[in-house]
Amino acid sequence: MKSLVPEAFYWARSDNHTSGRMTIVQISTIFGDSPDYWTIAVPGSDQHHMIGDFELIALVEPLDGYPLRQAAE
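Worth saying up front: this structure is predicted, and the values here are computed from it rather than measured.

1. A look at the pattern of salt bridges
Under the counting rule described, the total for this entry stands at one salt bridge. Note that Glu55 and Arg13 form a salt bridge whose closest N and O atoms lie 3.1 Å from each other. Residue Glu55 is located in strand S5 (residues 55-59), and its partner Arg13 is located in strand S1 (residues 9-13); the two are separated by 42 residues in the primary sequence.

2. What about the sheet that holds S1?
Pairing in this open sheet of five strands is antiparallel, and the strands run S4-S3-S2-S1-S5 from one edge to the other. Pairing within the sheet leaves two strands with one partner each, and these edge strands are strand S4 (48-49) and S5. Strand direction decides the pairing type here: strand S3 (residues 39-41) and S4, joined by two bridges, are antiparallel. The residue bridging Ile40 from the neighbouring strand is His49, located in S4.

3. Details of the pairing of strand S2 (residues 22-28)
Counting buried residues in S2 gives five out of seven residues, a clear majority hidden from the surface. Across five bridges, the pairing between S1 and S2 is antiparallel. Opposite Ala12, over in S2, you have Thr23 as the bridge partner. As judged from the three bridges shared by S2 and S3, these two strands associate in the antiparallel manner. Paired with Ser28 across the two strands is Thr39, which belongs to S3.

4. Notes on the environment of Trp38
In this structure, Trp38 sits in the loop between S2 and S3. Among the residues examined, Trp38 registers a relative accessible area of 11% and is labelled buried. Along the backbone, Trp38 and His49 are eleven residues apart, and their C-alpha atoms lie at a distance of 9.3 Å. At 3.5 Å, the side chain of Trp38 and the backbone oxygen of Ser34 are in polar contact.

Definitions and limits used
- Within each chain, residue numbers correspond to sequence positions counted from 1 in written order.
- Per-residue local features are limited, in this predicted model, to residues with pLDDT of at least 70; the limit for side-chain atom pairs, both in listing and counting, is 80 or more; totals at the level of whole chains, interfaces and linings are taken over all residues.
- The basis for every side-chain value is the complete set of heavy atoms in the structure, and neither hydrogens nor water enter the calculation.
- By definition here, a salt bridge exists when the distance from a side-chain nitrogen of Lys or Arg to a carboxyl oxygen of Asp or Glu is within 4 Å.
- Secondary structure elements follow DSSP: runs of H or I no shorter than four residues count as helices, runs of E no shorter than two count as strands, and numbering proceeds from the N terminus.
- At least two bridges found by DSSP between two strands are what make those strands a pair.
- Working definition: with a 1.4 Å probe on protein chains only, accessible area under 20% of the residue-type maximum means buried, over 50% means exposed, and in between means partly exposed.
- Counted as a polar contact is a pair of N or O atoms within 3.5 Å, where, for protein atoms, one must be capable of donating a hydrogen and the other of accepting one, and residues adjacent in sequence contribute only when both atoms are in side chains.

Here you go:
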């Protein structure tokens, strides 16, 4: 991945955190807007990981007619 999109969702995997299985993660800016402070958040978890802890595979593209929404909506 050349450039990450803040708050976007990505398909990713990690040998340490997901036993190599694919999962969806979000690029989190909770610690700051600068890319130096971005972390990886796994939806449904309150833990944040370093960007390098995951291999980011591809941006998650929403299905046509089904926009991504926050859980509180």
